[in-house]
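Structural characterization, general
Below, each chain spelled out in residue letters.
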Amino acid sequence: MNQTEYLNQLNRYLKKLPKSDYENAMDYFTEYFEEAGEQRAIEELGTPKEAAAEILNNLLKQTARNDQSKKINGHSFKRTALISYMSILTLPYGLPATIGMIFLIIAVTLIISCIVLAALICSMMLLWLGAKYLLRGIIALPHSRSGAFILAGTGILGIGLWLLISLCIIWLYQRTIHKGIQILQKFIKGKRSSV
């Protein structure tokens, strides 16, 4: 294998990286070949798949450090997910692991979606009932103060529970995404150390 073939195979593993990461990686390997020489570089780097796995692992570690130092935003999440996915594919059992991971993600997503949907339906029902009882309490005020206060209090309780459940759903959704990213990063790091 010569330098051109090596870089072409390496390109196959890294081409889906974000543009700046891809260019930095390919520049690094090109310079490495120029400095070390073709045969020595190939011996030191190993196969193109091993070199790609190493660079992806380093990018994943760098992204994890950056994510820990600041809140995860949409761009950072996409970059981390892409690098994690590409890291899995460079493993010897990458394709079966990827297929299994896809089915697991689909199952977990469906379960979480059902729970969130049920919670949203319950919270909307509480809002509707709360508004209804609050309005009935206001209407009942001229007839019976105690009855009006009970109805209005029940309505305020329903609206308060709706607000509490809605905030909990938002918090749970954010935590779930954050934990999912951490689990994926630990999975990738664990598989890298065993290879």
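Rules used throughout
Residues numbered from 1 in each chain as written. Predicted model: local features only at pLDDT ≥ 70, side-chain atom pairs only at ≥ 80, totals over all residues. Heavy atoms only, no water. Helix = DSSP H or I, 4+ residues; strand = E, 2+ residues; numbered from the N terminus. Buried < 20%, exposed > 50% of the residue type's maximum accessible area, 1.4 Å probe, protein only. Contact = heavy atoms within 4.5 Å. Core = buried A, V, L, I, M, F, W, Y, C linked by side-chain atoms within 4.5 Å. Salt bridge = Lys/Arg side-chain N within 4 Å of Asp/Glu carboxyl O. Phe/Tyr/Trp six-rings, centres within 6.5 Å; stacked < 30°, edge-to-face > 60°. pLDDT = per-residue confidence, 0-100. Axes fitted to C-alpha atoms, helices over the stretch in contact; angles between N-to-C directions. Parallel < 35°, antiparallel > 145°, perpendicular 65-115°, else oblique. Left-handed = near helix turned anticlockwise from the far one by under 90°. Nonpolar A, V, L, I, M, F, W, Y, C, P; charged D, E, K, R; others polar. Expected span 1.5 Å × (residues − 1). Arc of directions from axis to C-beta. Polar contact = N/O pair within 3.5 Å; in protein donor to acceptor, adjacent residues only side chain to side chain.

Here we take up the environment of Leu7. By secondary structure assignment, the location of Leu7 is in helix H1 (residues 3-14). Given the relative accessible area of 13%, Leu7 is considered buried. Measuring from C-alpha to C-alpha, the distance between Leu7 and Phe29 comes to 7.7 Å, with 22 residues separating the pair along the chain. In this structure Leu7 touches Met26, Phe29, Thr30 and Phe33, once residues within four positions along its chain are discounted.

Core analysis: the largest hydrophobic core is formed by 18 residues, its most contacted members being Tyr6, Leu10, Leu14, Phe29 and Phe33. Setting aside its immediate chain neighbours within four residues, Phe33 contacts Gln3, Tyr6, Leu7, Glu38, Ala41, Ile42 and Leu45.

Right, let's talk about the pattern of salt bridges for a bit. Applying the stated criterion across every chain, the model contains one salt bridge. For Glu44, the salt bridge is made with Arg40, and the minimal N-O distance between the two is 2.8 Å. Taken together, the positions of Glu44 and Arg40, both in helix H3 (residues 38-45) and four residues apart, correspond to about one turn of that helix. The class for Arg40 is partly exposed, based on a relative accessible area of 48%.

What follows deals with the packing of aromatic side chains. Inspection of the entire model under this criterion finds three aromatic pairs. For the pair Tyr6 and Phe33, a centre-to-centre distance of 5.2 Å together with 65° between the ring planes defines the contact as edge-to-face. Here the residue Tyr6 occupies a position in helix H1, and Phe33 occupies one in helix H2 (residues 19-36), the gap between them amounting to 27 residues. According to the relative accessible area criterion, Tyr6 is buried, its value standing at 0%.

In low-pLDDT regions, the fine details of the predicted coordinates are not to be read closely. Across the protein chain, the average pLDDT comes to 80, with 78% of residues at 70 or higher. Confidence, read as mean pLDDT per element, is least for helix H5 (residues 74-89) in the protein chain (62) and greatest for helix H6 (residues 94-140) (86).

The interhelical angle for the contact between H1 and H2, taken along N-to-C directions, is 160°, at an axis separation of 11 Å. Overall, the two elements H1 and H2 adopt an arrangement that is roughly antiparallel. For H1 against H2, the interelement crossing comes out right-handed. Residue-level inspection shows Gln3, Tyr6, Leu7, Leu10, Asn11 and Leu14 of H1 in contact with H2, the latter providing Tyr22, Ala25, Met26, Phe29, Thr30 and Phe33. Of the residues belonging to the contact of H1 with H2, the class tally is nine nonpolar, three polar and no charged.

Here we take up H2. The terminal C-alpha atoms of H2 lie 26 Å apart, and with 18 residues this matches the ideal 26 Å at 1.5 Å per residue to within 8%. Of the residues making up H2, those classed as buried are Asp21, Ala25, Met26, Phe29, Phe33 and Ala36. The arc enclosing the buried residues of H2, seen along the axis, measures out at 125°, which places them on a common side. The exposed residues of H2 that point more than 90 degrees off its buried face are Lys19, Asn24, Glu34 and Glu35. With its phi angle positive at about 95°, Gly37 sits one or two positions after the end of H2.

As a further point, take the environment of Leu172. Counting through the fold element by element, Leu172 comes out in helix H7 (residues 145-194). With a relative accessible area of 44%, Leu172 lands in the partly exposed category.

Right, let's talk about H1 for a bit. Its twelve residues place the ends of H1 16 Å apart at the C-alpha level, agreeing with the 16 Å of an ideal helix rising 1.5 Å per residue. Among all positions of H1, only Tyr6, Leu7, Leu10 and Leu14 are buried. Burial along H1 is one-sided: seen end-on, the buried residues are contained in an arc of 90°. More than 90 degrees from the buried face of H1, the exposed residues found are Thr4 and Arg12. Of the residues that open H1, the one with a side-chain oxygen 3.2 Å from the backbone nitrogen of Thr4 is Asn2.

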